[in-house]
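Architecture and fold: a report
What follows is each chain in one-letter form.
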Amino acid sequence: MRRKVSNPLALAVLAHLVMGPMHPYELGKQLKDTGKDRNIKFNRGSLYMVVEQLLKAGFIAAQETVKDTQRPERTIYALTDAGRTELHDWMRELVRDPAHEYPRFGVALSLIAVLDPVEAVELLETRAEALTKDLDETRAMVEKAAGDGVEWIFLVEEEYRMSLAQAELRLVEKLTGELAKPGYQLRWREIFGRER
């Protein structure tokens with residue numbers, strides 16, 4: 001199904017408006033404070049653009065405009081019934097239906113044979129170090145958040161991130177071992193006709 005607004009940031013805005021009407025600045029602050037910016041890339045401009053798209057689609061509505069002496073006029077937005085329906089339909093689709101995604105590393109793996117195996121091993125070892133560091137940092141962050149009383153359901157995306165990183169690390173370690181084998185390196189030089 002083609003959605004009127006398909007940006008993941010729009011989904012996050014709809015989800016956060018379930019908690020109550022907000023100004024886009026407050027939405028952005030909540031997205032950052034809850035760590036959603038680790039999964040959804042956005043900046044102030046893109047947030048305001050998505051709010052306009054959601055408004056045009058009828059998924060949110062301006063609830064009130066607030067004017068005080070310290071700040072410019074601020075519009076507070078609320079979720080509409082159509083927005084609530086869209087949020088739940090979209091979430092059901094994302095949770096239920098696997099979709100083929102095109103991660104950059106998958107592209108690199110599909111073409112890795114063009115790299116000299118010695119160089120590929122070095123690059124993969126560097127990647128393994130970065131993955132290990134990211135895993136350690138994410139694990140520490142999850143443990144701290146859980147220790148601070150954050151419910152597990154609000155950390156599930158970090159569990160997913162760690163699961164993917166662990167699987168990727170296992171693959172990288174296996175691939176590094178295969179690329180380091182002298183038999184493969186000899187065959188690679190025969191195919192690509194290079195000596196290094």
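Before going into details, it helps to say that this report is about the structure given with it. (Residues numbered from 1 in each chain as written. Predicted model: local features only at pLDDT ≥ 70, side-chain atom pairs only at ≥ 80, totals over all residues. Heavy atoms only, no water.)

This part takes up the pattern of salt bridges. Inspection of every chain in the model, using the stated rule, returns 16 salt bridges. Between Asp-89 and Arg-92 there is a salt bridge; the shortest N-O distance is 3.4 Å. With Asp-89 and Arg-92 both in helix 4 (residues 81–96) and 3 residues apart, the pair spans about one turn of that helix. Judged by its relative accessible area of 33%, Asp-89 falls in the partly exposed class. (Salt bridge = Lys/Arg side-chain N within 4 Å of Asp/Glu carboxyl O. Helix = DSSP H or I, 4+ residues; strand = E, 2+ residues; numbered from the N terminus. Buried < 20%, exposed > 50% of the residue type's maximum accessible area, 1.4 Å probe, protein only.)

What follows concerns the nonpolar core. With 24 residues, the main nonpolar core has Leu-9, Val-13, Leu-14, Leu-17, Leu-47, Leu-54 and Ile-60 as its most contacted residues. Breaking this core down by element, the ones donating at least two residues are helix 1 (8–17), helix 2 (24–33), helix 3 (44–57), strand 2 (74–79) and helix 4. No other element matches helix 1, which puts 7 residues into this core. Setting aside anything within four residues of it in sequence, one finds Leu-17 in contact with Met-22, Leu-27, Ile-60, Tyr-77, Ala-78 and Leu-79. Formed by 16 residues, the second largest nonpolar core is a distinct cluster that contains Phe-105, Leu-131, Ala-145 and Leu-169. (Core = buried A, V, L, I, M, F, W, Y, C linked by side-chain atoms within 4.5 Å. Contact = heavy atoms within 4.5 Å.)

Moving on: the side chain of Arg-3. Position of Arg-3 relative to the elements: it lies in the segment before helix 1. Only 3.0 Å separates the side chain of Arg-3 from the side chain of Glu-86, close enough to count as a polar contact. There is a polar contact of 2.8 Å between the side chain of Arg-3 and the side chain of Glu-93. Leave out the neighbours within four places in its chain, and Arg-3 touches Glu-86, Asp-89, Trp-90 and Glu-93. (Polar contact = N/O pair within 3.5 Å; in protein donor to acceptor, adjacent residues only side chain to side chain.)

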